[in-house]
Amino acid sequence: MSNRPSRTSSAPTLKDLARLAGVSPITASRALHRPELVAEATRARVAQAVEQSGYVPNSLAGGLTSRQTRLVAAIVPSIGHSLFSDMLDALITALAAERYETTLGISRYDPEHEETWLAAMLGRRPDGVVLTGTEHTARTRRLLLNANIPVVELWDYTPHPLDVAIGFSQEDAGRAALRHLLACGYSRPAILRSDDSRAQRRGQGFLRAAAEAGAPTPAQIVFPEGSPQAGRGREALDALRMQAPDADAVFCSSDALAQGVLAHAHALGLAIPRQFGVLGFGDQALAVDSIPALSTVKVDGAYIGRLGAEALIARMHGAPAAPANDVGFEVIARASTRHRP
């Protein structure tokens with residue numbers, strides 16, 4: 001359960017900031033909005049008080065006739081992956097049905113960018129915030145705690161959310177992927193993944209499951225999430241064959257990567273699934289149309305988005321925080337990892 005304070009307490013005010021900095025509210029306001037009118041030492045004291053208190057200037061001050069803005073701030077790592085876009089579409093649709101507007105941010109898998117975006121958004125006084133994942137900077141956590149508004153973390157499961165969390169265990173998904181490949185008869189599965197934190201945790205689960213099963217330590221090929229999508233599958237498979245030529249199956253961090261691996265494996269003359277197995281992640285629309293059809297770990301992004309909207313609406317209406325919700329995942333076995341004869 002969340003340890004967040006009830007919504008009856010207040011976020012830090014300008015008076016609180018001024019008191020902490022040892023200046024008048026007028027001086028604190030000038031330091032924030034007209035710093036050229038304030039001595040450097042005073043600006044420094046006010047800046048330190050802002051950092052310490054988590055105070056966020058209200059960019060809508062004087063313009064609101066209600067304490068409610070009916071605005072929700074939501075941020076995702078990318079809209080290039082259909083999983084995130086499906087989740088986001090379901091979230092926005094459900095919020096709109098209750099007359100909430102959503103402003104969107106893209107973190108590009110960078111927690112510091114998420115922090116900067118959040119600080120800007122809190123100045124608009126949203127009624128609620130939606131984050132993707134559970135890994136945030138210390139300042140992001142402090143800003144949210146001091147803002148004292150409902151927060152829903154989507155995509156990752158944690159028993160200790162900021163407020164409400166709805167998602168699944170990345171580590172368990174990696175474990176399930178390794179066990180599936182071993183059950184299919186592959187003896188030396190490897191992992192091809194991006195360097196973002198969620199793919200990293202799936203990789204950790206994959207490695208731990210191999211150790212638990214007494215299997216050889218899987219080879220890993222890791223590439224920057226920001227690298228171009230084109231050619232990723234080809235480059236990752238070539239790197240794997242150089243590093244671990246005896247690898248006989250791969251777990252890819254996305255279906256898009258897995259489809260690139262399938263295409264390059266065909267070009268290399270590898271028989272799939274007899275010689276080489278390929279397992280994706282996401283169960284995206286084209287997975288079933290790949291040749292052969294792609295086995296994958298299915299996550300229902302739209303379902304997570306709908307549950308997230310419902311939880312946030314309930315919190316914005318004053319309901320207490322609910323326990324974290326683990327929605328799970330499913331390994332979908334298709335032709336790219338069939339059992340060996």
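See the structure shown above.
We now turn to the structure provided with this report. All of these numbers come straight from a predicted model, not from anything done at the bench.

**Some words on the layout of surface pockets**
A volume near 200 Å³ is recorded for the second largest pocket. Together, 17 residues line the second largest pocket, and Tyr109, Pro111, Glu135, Ser197 and Arg198 are the ones closest to its centre. Of all the secondary structure elements, the ones that give two or more residues to the lining of the second largest pocket are β1 (71-76), α5 (111-122) and α8 (197-213). Of the residues belonging to the lining of the second largest pocket, the class tally is 5 nonpolar, 6 polar and 6 charged.

**Topic: empty space enclosed by the protein**
Summed over the entire model, instances satisfying the criterion amount to 3 cavities of 30 Å³ or more. Here the largest cavity defines a volume of roughly 220 Å³. Forming the walls of the largest cavity are 17 residues, and the residues nearest its centre are His81, Tyr109, Arg202, Ser253 and Ser254. Listed by contribution, the elements that provide at least two residues to the lining of the largest cavity are α4 (82-97) and α8. In terms of residue class, the lining of the largest cavity is built from 7 nonpolar, 5 polar and 5 charged.

**A closer look at the pairing of strand β7 (residues 220-223)**
A one-sided burial pattern is seen for β7, the buried positions being Ile221 and Phe223 and the unburied ones Gln220 and Val222. Regarding the hand of the β-α-β motif, the stretch spanning strand β6 (residues 189-194), α8 and β7 is right-handed.

**Brief notes about unusual backbone geometry**
Cis peptide bonds are those with omega within 30 degrees of zero, and the linkage from Ile272 to Pro273 qualifies with 10°. Mapped onto the elements, Pro273 comes out in the loop between α10 (255-268) and β9 (277-282). Positive phi, close to 65°, is recorded for Tyr109, a residue that is not glycine. Mapped onto the secondary structure, Tyr109 falls in the loop between β2 (101-106) and α5. In this structure Tyr109 comes out as partly exposed when scored by relative accessible area, which is 22%. We note that Asn148 has phi near 55°; this positive angle belongs to a residue other than glycine. Tracing the chain through its elements places Asn148 in the loop between α6 (138-147) and β4 (151-156).

Procedures and definitions
Residues numbered from 1 in each chain as written. Predicted model: local features only at pLDDT ≥ 70, side-chain atom pairs only at ≥ 80, totals over all residues. Heavy atoms only, no water. 1 Å grid on protein atoms, 1.4 Å probe; cavity = no way out; pocket = protein on both sides within 12 Å on 5 of 7 lines; lining within 4 Å. Points joined across faces, edges and corners; volume = space filled by probe spheres on them. Helix = DSSP H or I, 4+ residues; strand = E, 2+ residues; numbered from the N terminus. Nonpolar A, V, L, I, M, F, W, Y, C, P; charged D, E, K, R; others polar. Buried < 20%, exposed > 50% of the residue type's maximum accessible area, 1.4 Å probe, protein only. Right-handed = clockwise from strand over helix to strand, strands pointing away.

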